[in-house]
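Observations on chain architecture
The lines below spell out each chain.
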Amino acid sequence: MVADLAQRVAKMEAAMGKLEELQKTVRDANAILRKQPQDFQAVVNELHEVSDQVEEISEKLRNTPVYDMREIFQCNVCDSHGLCSIRVKCTECGRENWWGWWPTE
């Protein structure tokens, strides 16, 4: 009888230990879940900031004279599309060169 009681007490203690572990796991999970919305909001805020920066850069690019030049250029003499170049100059040595797209040979 005492042995049965001792065995039952041991099982109850083991079950209580498991219960305490589960309670700790639940507390940890709740802490993570409470923290995630803040982390999520921080990520959302950062994405908005990056999106604003990309939009600002895009707007500045659209205002450059050669923006999308290859896509929109069409020669009014031979009717070729996208085959164009611009003259560029090194501001250090003064050498001039061409930058652009040429027909494949």
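Residues numbered from 1 in each chain as written. Predicted model: local features only at pLDDT ≥ 70, side-chain atom pairs only at ≥ 80, totals over all residues. Heavy atoms only, no water.

Comments concerning the overall build of the protein
Looking only at helices and strands, one finds 2 helices and 2 strands in the protein. Relative to the 2.2 N^0.38 estimate, which gives 13 Å for 105 residues, the radius of gyration of the protein is 35 Å and therefore markedly larger than a compact globule would have. Expressed along its principal axes, the backbone C-alpha trace of the protein runs to roughly 110 × 35 × 30 Å. In the protein, buried positions account for 5% of the 105 residues. Counted over contacts in the protein with a minimum sequence separation of 6, partners at least 24 positions apart contribute 7%. (Helix = DSSP H or I, 4+ residues; strand = E, 2+ residues; numbered from the N terminus. Rg over C-alpha atoms; globule rule 2.2 N^0.38 Å. Buried < 20%, exposed > 50% of the residue type's maximum accessible area, 1.4 Å probe, protein only. Contact = heavy atoms within 4.5 Å.)

What about the pairing of strand S2 (residues 96-100)?
Two faces, one strand: in a regular strand the side chains alternate between the faces of the sheet. Of the strand pairs in this sheet, strand S1 (residues 85-89) and S2 are connected by 5 bridges, and their pairing is antiparallel. Among the inter-strand pairings, Ser85 is bridged to a residue of S2, identified as Gly100. Count of turn residues in the S1/S2 antiparallel hairpin: 6 residues, of which Gly94 carries a positive phi of about 85°. (Pairing = 2+ DSSP bridges.)

A look at the pattern of salt bridges
Throughout the structure, instances matching the rule amount to 5 salt bridges. Taking the shortest distance from any N to any O, the salt bridge between Arg62 and Glu59 comes out at 3.0 Å. Of the two residues, Arg62 and Glu59 both sit in helix H1 (residues 2-62), 3 residues apart, roughly one turn of that helix. Linked through salt bridges whose partners overlap, the residues forming this network are Glu55, Glu59 and Arg62. (Salt bridge = Lys/Arg side-chain N within 4 Å of Asp/Glu carboxyl O.)

A look at the environment of Ser80
Relative to the helices and strands, Ser80 is located in the loop between helix H2 (69-72) and S1. Judged by its relative accessible area of 17%, Ser80 is buried. Sequence separation between Ser80 and Pro103 is 23 residues, and the spatial gap between their C-alpha atoms is 9.4 Å. When sequence neighbours within four positions are dropped, the list of residues in contact with Ser80 reads Phe73, Gln74 and Cys75.

Observations regarding the confidence of the model for the protein
In this model, the protein carries a mean pLDDT of 84, and residues with pLDDT of at least 70 account for 92%. Mean pLDDT in the protein bottoms out at H1, which sits at 80, and peaks at S2, which reaches 91. (pLDDT = per-residue confidence, 0-100.)

Quick notes on a nonpolar patch on the surface
A contiguous nonpolar surface patch, about 290 Å² in accessible area, is contributed by Ile57, Leu61 and Tyr67. Considering the arrangement of structural elements, one finds Tyr67 in the loop between H1 and H2. (Patch = residues over 30% accessible without salt bridge, like charges linked within 9 Å, V, L, I, M, F, W, Y side chains within 5 Å. Areas by Shrake-Rupley, 256 points an atom, 1.4 Å probe, with all protein chains shown as cover.)

Side note on the state of the cysteines
Summed over the entire model, instances satisfying the criterion amount to 0 disulfides. Looking at the unpaired Cys75, the closest cysteine sulfur is the one in Cys78, lying at 3.8 Å. Among the residues examined, Cys75 registers a relative accessible area of 18% and is labelled buried. Between Cys90, a free cysteine, and Cys93, which holds the nearest cysteine sulfur, the sulfur-to-sulfur gap is 3.7 Å. (Disulfide = S-S within 2.5 Å.)

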